[in-house]
Each structure stands twice: as structure tokens, then as C-alpha cells.
Amino acid sequence: NQKTINKKITISGIGLHSGKNVNLKILPSKENTGIVFLRSDLSKDNVVIPHFNNVSDTMLCTTIQNSSGVKVSTIEHLMAAFYGLGIDNALVDLDSQEVPILDGSAKEWTEILLKSGISTSNAPIKIIKINKNIKFTDGERYISIKPSALNLDIDFELQYKNKVIGNQRNKFKIYEDDLTDVLNSRTFCLYEDIEIIKKNGLAKGGSLENAIVVKDNQILNTEGLRNDKEFVNHKILDCIGDLYTSGYRIVGSVECFR
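Just so we're clear, the structure is a prediction, and the values are computed from it rather than from any experiment. (Residues numbered from 1 in each chain as written. Predicted model: local features only at pLDDT ≥ 70, side-chain atom pairs only at ≥ 80, totals over all residues. Heavy atoms only, no water.)

Caption draft 1: Examining the overall build of the protein chain more closely. Counting its regular elements, the protein chain contains five helices and 19 strands. A compact globule built from 258 residues would reach a C-alpha radius of gyration of about 18 Å, and the protein chain, at 18 Å, matches this within 12%. Overall size of the protein chain, expressed as C-alpha extent along the three principal axes, is 50 × 45 × 35 Å. Across the 258 residues that make up the protein chain, the buried fraction comes to 50%. In the protein chain, 70% of the contacts between residues at least 6 apart in sequence involve partners at least 24 apart. Charge separation in the protein chain, taken as the distance between the mean sites of 32 positive and 32 negative side-chain charges, equals 3 Å. (Helix = DSSP H or I, 4+ residues; strand = E, 2+ residues; numbered from the N terminus. Rg over C-alpha atoms; globule rule 2.2 N^0.38 Å. Buried < 20%, exposed > 50% of the residue type's maximum accessible area, 1.4 Å probe, protein only. Contact = heavy atoms within 4.5 Å. Lys, Arg positive; Asp, Glu negative; His and termini not counted. Charge placed at Lys NZ, Arg CZ, Asp CG, Glu CD.)

Here it is as C-alpha cells:
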């Protein structure tokens, strides 16, 4: 059955791309309302639904936008935490455009949601069951989805020329496997890309506190990696968050390459 949190959560943090401080609240919500974002810094047209039809930009983060042009960006880590914990209904109130990046993973989101507690309603969850194979290709990259018996399987393969990242592949059954390594895996970038990213007006709030930075053959973060496949696991985390813009639990098998 559908779930929500037990009590209000309040948290503040920096937006990864805006560099601005954000105050965010997550409130319990009734069954069948879904996940809803509310821009409390605006007085009208301030509700934005995280639905795939509302995705307006995917440049280094997922941005959603309503019909009035009001946006909420970098939603994917919080959405992945909701999905991973089975939370169907919640109101996310924030006073800026961007969701706080926290540590660059979904680890802290998961912890604060669990601390709030989770309550179950009498309404059944909503499910999409995939019935046929679909594949989208862009050059050598592709993503496909096909039928699965009872689970959401995500099989993701990364290929980087950088030797530290290299070729990584991992697969999870989202409803059965322990997702700790996925939810704890941080966003990452190559050191040589930082200047280009910042020239595009992004990553103003980026630091070694919220991202893994790889320079040549070394990781600049003193603590190193949290798990052996943190790079590909973070891509699986992003994938889970983005799939939740369907508004449904998905029963299917997803494969991503590069």
C-alpha cells in the first residue's frame, strides 16, 4: 500500500549548481497525491509536479517546470530516496529553485526520511508493468526497457577513458536488493571538466564535500570512495530518481550503456 512520512522534516543546504542556500521542508501527504514540489518563495503558480512531461532540462541534473515557467532542479537524488524507501506521497516545500545537494548522494535524504518514520495508508500502490521491448539509441549509447516478472531491474554500464573510473557495470533488483551502496554513492566529475561546467553557469556550489573529483589517476577526496563501484552506482541512483517521474512503481528491466 501507499506510504508517506510520519512528521514534517526541515533541512537547509546548498544548491549544487546555483550555489544558493535552500531551506526545504518535507511534509506528510494524503494517498493518491503523489510527490509534489512547492516553491514557497513564490506567491502564485508555485506548484511543480515531478512528471516526465514537466522535465525541461537534463544538463547535469534533472529540472522540472510548470506551465508558468516555474522550475525546480536537481530533484533526482531526493526522488531516488523516495523511490528506494517506497514513499508515494509527500509535499516538498523549498524557498529556492534547487533542491539542496547535501553530500552529493541520497544517503542523508534516506536517513532523515527514516528518522521521520513512514506510515502506510489503505490505498494500493500504482504500478506500470512493461509489456514490450523499447530501446533508444544515441550513437554508441543506449537505454532499453523490457518486461520483467516481478521486479524493477537496472543494469548499468559506464565507459570512461579515465583509468580511475574506467569501465564499470552493476545490476540491482530495486525491490529486493540492499540499495545501501546505491543510495550512498555520490555524484562525480573529472577535474578537467570543472572549468567548462562553471563557464556554463553550473556547479557554483560544488566542492569535495558534495562530489567526487577525479584528476588523472587519483581521487582528490581524501576519504576516497565509499564503495568499489561508486561511479556506476551513482548513475543507477540517478536512474531510479528519474524513473520516478513516471509517478508509478515500474515492473520492468532497464539496461543503460555509457
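Additional details are given in the paragraphs that follow.
Caption draft 2: Representation of the pattern of salt bridges in the model. Here the structure, examined in full by the defined rule, presents eleven salt bridges. A salt bridge links R39 to D41; its shortest N-O distance comes to 2.9 Å. R39 sits in the buried class, given a relative accessible area of 8%. Across the salt bridge formed by R258 and E140, the nearest N and O atoms sit 2.2 Å from each other. With R258 in the segment after strand 19 (249-257) and E140 in the loop between strand 12 (134-138) and strand 13 (141-146), this residue pair connects regions lying 118 residues apart in the sequence. (Salt bridge = Lys/Arg side-chain N within 4 Å of Asp/Glu carboxyl O.)

Caption draft 3: Region of interest: the sheet that holds strand 2 (residues 9-14). The strand order across the open sheet formed by five strands is 2-3-9-4-5, and the pairing between neighbours is mixed. Both outer strands of the open sheet, strand 2 and strand 5 (47-48), are each paired with one neighbouring strand and no more. Relative to strand 9 (residues 90-94), strand 4 (residues 35-39) runs parallel, the two sharing five bridges. From the neighbouring strand, L38 faces strand 9, where its bridge partner is D93. Helix 1 (residues 76-85) contacts strand 3 (21-28), strand 4 and strand 9 of the sheet and is inclined by roughly 145 degrees relative to strand 4. Contacts between helix 2 (residues 107-116) and the sheet are confined to strand 2 and strand 3, with strand 2 contributing the most and set at about 165 degrees to the helix. (Pairing = 2+ DSSP bridges. Axes fitted to C-alpha atoms, helices over the stretch in contact; angles between N-to-C directions.)

Caption draft 4: How the structure looks around the side chain of R249. Mapped onto the secondary structure, R249 falls in strand 19. Among all residues touching R249, those that are not within four sequence positions of it are Y83, G86, I87, D88, I125, K126, I127, I128, Y175 and Y244.

Caption draft 5: Representation of the pairing of strand 4 within the structure. With five of five residues buried, strand 4 is to be regarded as a mostly interior element. By the alternation rule, side chains of strand 4 split into I35, F37 and R39 and V36 and L38, which are all buried. Two elements, strand 4 and strand 5, share two bridges in a ladder whose sense is antiparallel. Bridging across to strand 5, F37 finds its partner in V48.

Caption draft 6: Focus on the environment of H17. Following the sequence through the fold, H17 ends up in the loop between strand 2 and strand 3. Considering only alpha carbons, one finds H17 and I101, 84 residues apart in sequence, at a separation of 8.9 Å. Leaving out residues up to four positions away in the same chain, H17 has contacts with L60, C61, T74, E98, G201, L202, A203, K204 and G205. A polar contact of 3.0 Å, which involves the side chain of H17, links it to the backbone nitrogen of A203. (Polar contact = N/O pair within 3.5 Å; in protein donor to acceptor, adjacent residues only side chain to side chain.)

So yeah, pure geometry; function would need other evidence.
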